[in-house]
Amino acid sequence: MDAAGKDSTIKHVTSGVNPQGFQVFSFKEPSAEELDHDYLWQTTKALPERGRIGIFNRSYYEEVLVARVHPEMLKKQQLPHLPEEKKIWKQRFEEINNFEKHLVNNGVIILKFFLNVSKSEQKKRFLKRIEDPEKNWKFSDSDVRERAFWDDYMNAYEEVFNYTSTKWCPWYIIPADRKWFTRLTVANIICTKLQELNLQYPTVSEEHKQQLLQAKRILEQED
């Protein structure tokens, strides 16, 4: 949801992480190039390499949320055939589940967070963005227009959670009216998952240890 605190949560949660170890991608309305591909292509090409953390600010779920609330968007996607409205969403839920299962089977760990801000709190944050000159850049007319579809979005989110929260890739619904709580909860989930990985530094072979000892002796003999 708009003004739920996605950007600030990413900033705070990653503040103690070596920037060489992660990358953030923010996905906007698809470009002409992206519309020439299937709807998963935009995010697939941004998947992180093994050993890195990739953060998606929005994702392919926009294609079963925004596109559902505004079905006219589907006409821009050059689909060879357009199934009935109800069928296309179930079809995409299945495709997304299969895609995520494929990633998990290949060693990718996916954490899906939904920052659940209330309608009243969203209003407060929008007003703050309008009243504070330093926050004006965060506000867009489209924010108010999309707010008019609140109930439609809530219905779309409910279906997304029901169909795509799986054993291998569950959703985490995080209350977002209190930013400190949102950030703490997201950080705790991520840290718990990292601890479960039991990551270790690379082991050094005996041959390498001998090379280190030899290098140490040489350095110690220098003037």
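Check the entry above for the structure.
The rules we used
Residues numbered from 1 in each chain as written. Predicted model: local features only at pLDDT ≥ 70, side-chain atom pairs only at ≥ 80, totals over all residues. Heavy atoms only, no water. Helix = DSSP H or I, 4+ residues; strand = E, 2+ residues; numbered from the N terminus. Rg over C-alpha atoms; globule rule 2.2 N^0.38 Å. Buried < 20%, exposed > 50% of the residue type's maximum accessible area, 1.4 Å probe, protein only. Contact = heavy atoms within 4.5 Å. Areas by Shrake-Rupley, 256 points an atom, 1.4 Å probe, with all protein chains shown as cover. Axes fitted to C-alpha atoms, helices over the stretch in contact; angles between N-to-C directions. Parallel < 35°, antiparallel > 145°, perpendicular 65-115°, else oblique. Left-handed = near helix turned anticlockwise from the far one by under 90°. Nonpolar A, V, L, I, M, F, W, Y, C, P; charged D, E, K, R; others polar. Core = buried A, V, L, I, M, F, W, Y, C linked by side-chain atoms within 4.5 Å. Disulfide = S-S within 2.5 Å. 1 Å grid on protein atoms, 1.4 Å probe; cavity = no way out; pocket = protein on both sides within 12 Å on 5 of 7 lines; lining within 4 Å. Points joined across faces, edges and corners; volume = space filled by probe spheres on them. Phe/Tyr/Trp six-rings, centres within 6.5 Å; stacked < 30°, edge-to-face > 60°. Lys NZ or Arg CZ within 6 Å of the ring centre and 35° of its normal.

What follows covers the overall build of the chain. In terms of regular secondary structure, the chain is built from 10 helices and 4 strands. In sequence order, the chain lays out its α and β elements as α-β-α-α-β-α-α-β-α-α-α-β-α-α. Taken over the C-alpha trace, the chain has a radius of gyration of 22 Å; the compact-globule value for 223 residues is 17 Å, which it surpasses by more than 25%. Each principal axis of the C-alpha distribution contributes one length, and for the chain these read about 75 × 45 × 35 Å. Buried residues in the chain amount to 32% of all 223 residues. Relative to all contacts within the chain whose residues are 6 or more apart in sequence, the contacts with residues 24 or more apart total 72%. In the structure as shown, the chain presents an accessible area of about 15300 Å², 53% of it carried by carbon and sulfur atoms.

Here we come to the packing of helix 1 (residues 6-13) against helix 9 (residues 179-196). Between helix 1 and helix 9, the shortest axis-to-axis distance is 10 Å and the interhelical angle comes to 55°. Between helix 1 and helix 9, the angle falls in the class oblique. Crossing of helix 1 over helix 9 shows right-handed handedness. In contact with S8, T9, H12 and V13 of helix 1, helix 9 contributes K179, T182, R183, V186, A187 and I190. In terms of residue class, the contact of helix 1 with helix 9 is made up of 4 nonpolar, 4 polar and 2 charged.

If you look at the biggest cluster of nonpolar residues, it comprises 34 residues, and the most contacted ones within it are M1, Y61, V64, W89, Y157 and V160. Those elements that provide at least two residues to this core are helix 4 (66-69), helix 5 (85-105), strand 3 (112-116), helix 8 (150-164), strand 4 (171-175) and helix 9. Here Y61 is in contact with I96, E100, K112, V160, T164 and W171, once residues within four sequence places are set aside.

In a disulfide, the sulfur atoms of two cysteines are covalently bonded to one another. Counted according to the given criterion, the structure contains 0 disulfides. Just so you know, C169 is unpaired, no disulfide at all, and the nearest cysteine sulfur is the one on C191, 19 Å from it. Accessibility expressed as a relative area gives 0% for C169, which makes it buried.

The next point concerns the layout of surface pockets. In this structure, the second largest pocket occupies an estimated 1400 Å³ of space. Contributing to the lining of the second largest pocket are 45 residues, with D2, K6, R58, S142 and D143 lying nearest its centre. Of all the secondary structure elements, the ones that give two or more residues to the lining of the second largest pocket are helix 1, helix 6 (119-131), helix 7 (141-147) and helix 8. Per-element tally for the lining of the second largest pocket: the top contributor is helix 6, with 6 residues. A class-by-class count of the residues in the lining of the second largest pocket yields 15 nonpolar, 10 polar and 20 charged.

Enumeration over the complete set of coordinates arrives at 14 aromatic pairs. Between Y60 and Y61, the ring centres sit 5.1 Å apart and the planes meet at 35°, which makes this aromatic pair tilted. Y61 carries the same exposure label as Y60, and that label is buried. Through a chain of ring-to-ring contacts, the aromatic side chains of Y60, Y61, F99, F114, Y157, F161 and W171 assemble into a single cluster. Over the aromatic face of Y39 sits the side chain of R92, whose NZ or CZ is 4.3 Å from the ring centroid. The aromatic ring of W168 is capped on one face by K101, whose charged end is 5.5 Å from the ring centroid.

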